[in-house]
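The lines below spell out each chain.
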Amino acid sequence: MDISSASSVVLQTLTQAASQDTAVLKPAEEQLKQWETQPGFYSALLNIFTNHALDINVRWLAVLYFKNGIDRYWRRIAPHALSEEEKSSLRAGLIANFNEPVNQIATQIGVLIAKVARLDCPRHWPELIPTLLESVKVQDDLRQHRALLTFYHVTKTLSSKKLVADKKLFQDLASGIYSFACSLWNHHTDTFLQQVYTGDTGAIHSLERTLLSLKVLRKLTVHGFVEPHKNLEVMEFLNTVFERLKQFLECRRQVNQENMCSEKLEKTIILFTKVLLDFLDYHPFSFISLIQRSLEFAVSYVFTVAGEGVVFERFIVQCMNLIKMIVKNESYKPAKNTEESKPETLEAHKIKIHFFNYSTLTEICRRLVSHYFLLTPEELSMWEDDPEGFAVEEAAGDSYKYSLRPCTEVLFLDIFHEYSQTLTPVLLEMVQNLQGPTNVDNTVGLVVKDAVYNAIGLAAYELFDSVDFDQWFNSQLLAELQVTHIRYKLIRRRVIWLIGQWISVKFKSELRPMLYEAILNLMQDQDRVYLENIFSLLFHLLQEVTECDTKMHVLHVISCVIERVGMQIRPYVGCLVQYLPLLWKQSEDHNMLRCAILTTLIHLVQGLGADSKNLYPFLLPVIQLSTDVSQPPHVYLLEDGLELWLVTLENSPSITPELLGIFQNMSALLELGSENVRTCFQIINAYIFLTSSEFLQNFAAGLCHSFCELMQDITTEGQVQVLKVVENVLKVNPILGPQMFQPLLPSVLKGILDGEKYPVVMSTYLGIAGRVLLQNMGFFSSLLNQIALELNQEMEQLLGNIIEMWVDRMDNITQPERRKLSALALLSLLPSENSIIQDKFCGIINICVEALHDVLSEDPDTGTYKDCMVMSHFEEQKVSDDEEPPTEQDRRKKLLALKDPVHSVSLQQFVYEKLKAQQDLIGEQEFQSLMESVDTEVIRQLQGFLQKL
């Protein structure tokens, strides 16, 4: 592709691709897809998105096509990889000018450069970092900002690499540029503070540079040093963070909330706290010298008047998280025998004891309960206006890390657990001051009592020996439940919740009748002891009522009762089971009533478990009709029908011809491609676990055809669901499974070779490849040979490329089972005299050591390691009354796991045996040469694992 002529052609096509007219857009997209592998295409894209005179939408599209191409074609092992000459030219062009005027495009260019840096820096792109460092010094505001933005994205990307060699490279980089990064940050920070106090309108731009340079420093500080406490500049920066935080908090007080700086100021303040939290998380021992100052700072702003008018919710949450992480940090807790503890641990513990004295702990506890636990006027108003919404929001909340109320409660629990001896008397005194009913006109008193009762409920397990809950229930709480005034509902609600917290901790059984009576008065509901009566009454009511809506409401209540009591419903459902077929027939013209019947059946099957097989003469025709898309009622019944189909399979003890026959409906359902496709995949998986051989013999060919059609036009999430089905097939039937789904498997290996950009898809690809390689190596070889012929490449070279990509993308795999599977699969290639496999030996060992870290747990008594994923026998799960019992499918999965290499093979033993076999095959000298290709730290860790077999 000639660049001068190509740019205009590509520009025209991109313009068409940015069109809203699908008749123009679709052919343009097809043309661009064909050009992706053409030499010169990315050079043309670079020319287009760096031309500021062109339309923004066209330039944006050009950047996106370039960015996506990096994932697919930049690696030298990728099919249709870019030539080294073109890549060199593109790298030079990317950093030629940091003058992009559009912020969104500048961000994409920064991300794009970072993606290239991840693959090429520093070996193939040594000039990147020096160019960035020079560019952030220029006086031109725009160029400086864009260079700093790119600098941040490059630093962020390089810091995220996990392999030992990559970490070492980043540490070398950090050492070389840390001083510069600190001076850059200080310069922009001082400039901003000076400008904001003089009212300079340029303050917002300086603040943006401050924020970006601080983001760079965060990555360098946290990920750039093995022992950061030994680096004076790092510790000086961290100590400066506290002073800067105070300056920025004071600055926020000065800045009007409408000021455009306000939002970015808060972001910067939060980023300061993230620096401290990340450093504490990654380097707890290096953080020891900062413990005292961190606690003083956080407690001062959150629990004293120093924070009034300055702090904001997210900052309070961050400060509480900082206190919590210091209090709970295992590195700061001495062993029972202090002589076995590290000196650093004892030092940290001493600092904590000195800081958390009686006075400080008392003030924190009182402030948490009497200030942060109080329901706000907004919350009280919401409870009045939308009680159901309030209850749902309060129960769900956000993650405790980011929402104030859950964060406050977690901090209270952690501090109370750590210092219960000191804080128990404080809390009991607060309760003592609230004896007797509170005046209903005293709103403040009611809210305070709610807060104190909340604290007593949260700390129930800690207060076990200090509170006579039975006596308190008799003398006060029961009486408070009987106060019927409308304003007292706040306390009635809290008392019921409080009893719920204590009932499993300390509550005499003889007091329960009084509690039941109180609850019945409040809720006008029945306890399980009345189950037979209530179910009988509901059933008779269902028969007596004639209105469709009324029947639906009664069925809804019956469903709730069945769902709540689970298996305990079994003795009482005989009449209902006999009546439902009649009701189903009568409701032929009332699809919404039939939906209610389906919901009832779902809960009934879950309650009956394997006994639900007795319902099949009625149940299976209902499922058949509800999921048949050729029948008009499916419009109303499909969603509930699929759910019923799924729970029926999950609870089925064995397959029947009729249950297998319903699967005829599935092909049309997959073609429909509705929002219910996820449930369809769950149903397919349930059949695989229930009867893999019979199911696959009947339906594998049709299913594979449907999957091939689906994969051409489905979302990434949908692709993952399809691939997971294939993975389950291989898990259940490793010999026949690959043959039955052979048409899908070449695309899996090609996806790995192409460097699939979506981590979840790549992880699933590697899971499938791992299954085939480990359990059916003959098929894997034939598959690889087929692809080699298609691509006109050597089979051994393809294998090497797959291994290289596997090692590179190991971080995409987050599930420990798949990580172990990868290690087992790649180890299965050993022993081997194949030069390609030996060339990738270092990568294979890296993956093995990473997986060993994932799966091995050390026995502190014997000092030996155990593979915690290995299952030796099937154990029937014990469940309490409030837990869901295991389904038949749960049992099937556990039995299957016993045969799965992931759960039946010790990775530690497997690594040892394979390395020993490799040594025996090639001899001691050649084996030592292989081992020398592996990083010494990785070898040290490997030896540590293998010495304790």
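Numbers given to residues run from 1 along each chain, matching the order in which its sequence is written. Side-chain atom pairs in this predicted model are given and counted only at pLDDT of 80 or more, local residue features only at pLDDT of at least 70, and totals for whole chains, interfaces and linings cover all residues. Based on all heavy atoms of the structure, the side-chain values leave hydrogens and waters out of the count.

Examining the overall build of the chain
Here a helix means four or more residues in a row that DSSP labels H or I, a strand means two or more in a row labelled E, and each is numbered from the N terminus. Helices and strands together make up the secondary structure of the chain, namely 47 helices and two strands. For a compact globule of 949 residues, the expected C-alpha radius of gyration is about 30 Å, and the chain comes in at 33 Å, within 12% of that figure. Overall, the C-alpha framework of the chain stretches about 85 × 75 × 65 Å when taken along its three principal axes. Remark: exposure states derive from per-residue accessible area (1.4 Å probe, protein chains only) relative to the maximum for the residue type, with buried under 20%, exposed over 50%, and partly exposed in between. Out of the 949 residues in the chain, the part that is buried amounts to 51%. Note on definitions: a residue-residue contact is assigned when non-hydrogen atoms from the two residues lie within 4.5 Å. Long-range contacts, defined as pairs at least 24 residues apart, comprise 73% of the intrachain contacts of the chain with a sequence gap of at least 6. For the chain, the accessible area works out to roughly 44500 Å², and carbon and sulfur atoms hold 50% of it. For this measure, only C-alpha atoms enter the radius of gyration; the expected value for a globule follows 2.2 Å times N^0.38, where N is the number of residues. Computed by Shrake-Rupley with a 1.4 Å probe, the accessible areas treat only the displayed protein chains as cover when residues are assessed.

Quick notes on the environment of Leu-830
One can find Leu-830 in the loop between helix 40 (816-827) and helix 41 (835-839). If we skip the residues at most four places from it in the chain, Leu-830 touches Ile-837, Phe-841, Lys-914 and Gln-918.

Some details on empty space enclosed by the protein
Points on a 1 Å grid, built from protein atoms alone, make a cavity when a 1.4 Å probe fits but cannot get out and make a pocket when they are open with protein on both sides within 12 Å along at least 5 of 7 lines; residues with an atom within 4 Å of a point are the lining residues. Grid points are joined across faces, edges and corners, and a volume is the space filled by probe spheres set on the points. Summed over all chains, the structure comprises four cavities of 30 Å³ or more. In this structure, the second largest cavity encloses a volume near 40 Å³. At the level of elements, helix 12 (261-282) and helix 14 (313-328) are the ones that each hand at least two residues to the lining of the second largest cavity. When the residues that make up the lining of the second largest cavity are grouped by side-chain class, the tally is six nonpolar, two polar and no charged. In this classification, the charged set is Asp, Glu, Lys and Arg, the nonpolar set is Ala, Val, Leu, Ile, Met, Phe, Trp, Tyr, Cys and Pro, and all remaining amino acids, among them Gly, are polar.

Considering the environment of Cys-560
Counting through the fold element by element, Cys-560 comes out in helix 26 (residues 548-565). Residue class for Cys-560 comes out partly exposed when judged on its relative accessible area of 31%. Each C-alpha atom, one on Cys-560 and one on Arg-892, is 28 Å from the other, the two residues being 332 residues apart in sequence.

Here's the deal with the packing of helix 37 (residues 759-775) against helix 40
The angle between two axes is taken between their N-to-C directions and runs from 0 to 180 degrees, where each axis is a line fitted to C-alpha atoms and a helix contributes only its stretch in contact. Following both chains from N to C, one finds helix 37 and helix 40 inclined at 40°, their axes separated by 9 Å at the closest point. One finds that helix 37 runs oblique with respect to helix 40. Crossing hand, helix 37 versus helix 40: left-handed. Here Ser-763, Thr-764, Gly-767, Gly-770, Arg-771, Leu-773 and Leu-774 of helix 37 come into contact with helix 40, specifically with Arg-818, Leu-821, Leu-824, Ala-825 and Leu-826. The residue inventory of the contact of helix 37 with helix 40, partitioned by class, reads six nonpolar, four polar and two charged. Here is the rule for angles: anything less than 35 degrees is roughly parallel, anything more than 145 is roughly antiparallel, 65 through 115 is roughly perpendicular, and the remaining ranges are oblique. For any pair of crossing helices, the crossing counts as left-handed if the nearer helix is rotated counterclockwise from the farther one by less than a right angle, and right-handed if it is rotated clockwise.

Some words on a nonpolar patch on the surface
Each patch groups residues whose relative accessible area exceeds 30% and which form no salt bridge, using 9 Å between like charges and 5 Å between nonpolar side chains of Val, Leu, Ile, Met, Phe, Trp and Tyr. For this analysis, a salt bridge means a side-chain nitrogen from Lys or Arg found within 4 Å of a carboxyl oxygen belonging to Asp or Glu. There is a patch of nonpolar side chains on the surface, built from Met-592, Val-635 and Tyr-636 and spanning about 340 Å² of accessible area. Given a relative accessible area of 46%, Tyr-636 falls into the partly exposed group.

Overview of the pattern of salt bridges
A full pass over the atoms with the stated rule returns 37 salt bridges. Measuring nitrogen to oxygen at the nearest pair gives 2.1 Å for the salt bridge that ties Glu-100 to Arg-59. Placement of the pair is Glu-100 in the loop between helix 5 (84-94) and helix 6 (103-120) and Arg-59 in helix 4 (residues 56-73), with a sequence separation of 41 residues. Two residues, Arg-293 and Glu-243, come together in a salt bridge whose shortest N-O distance is 2.3 Å.

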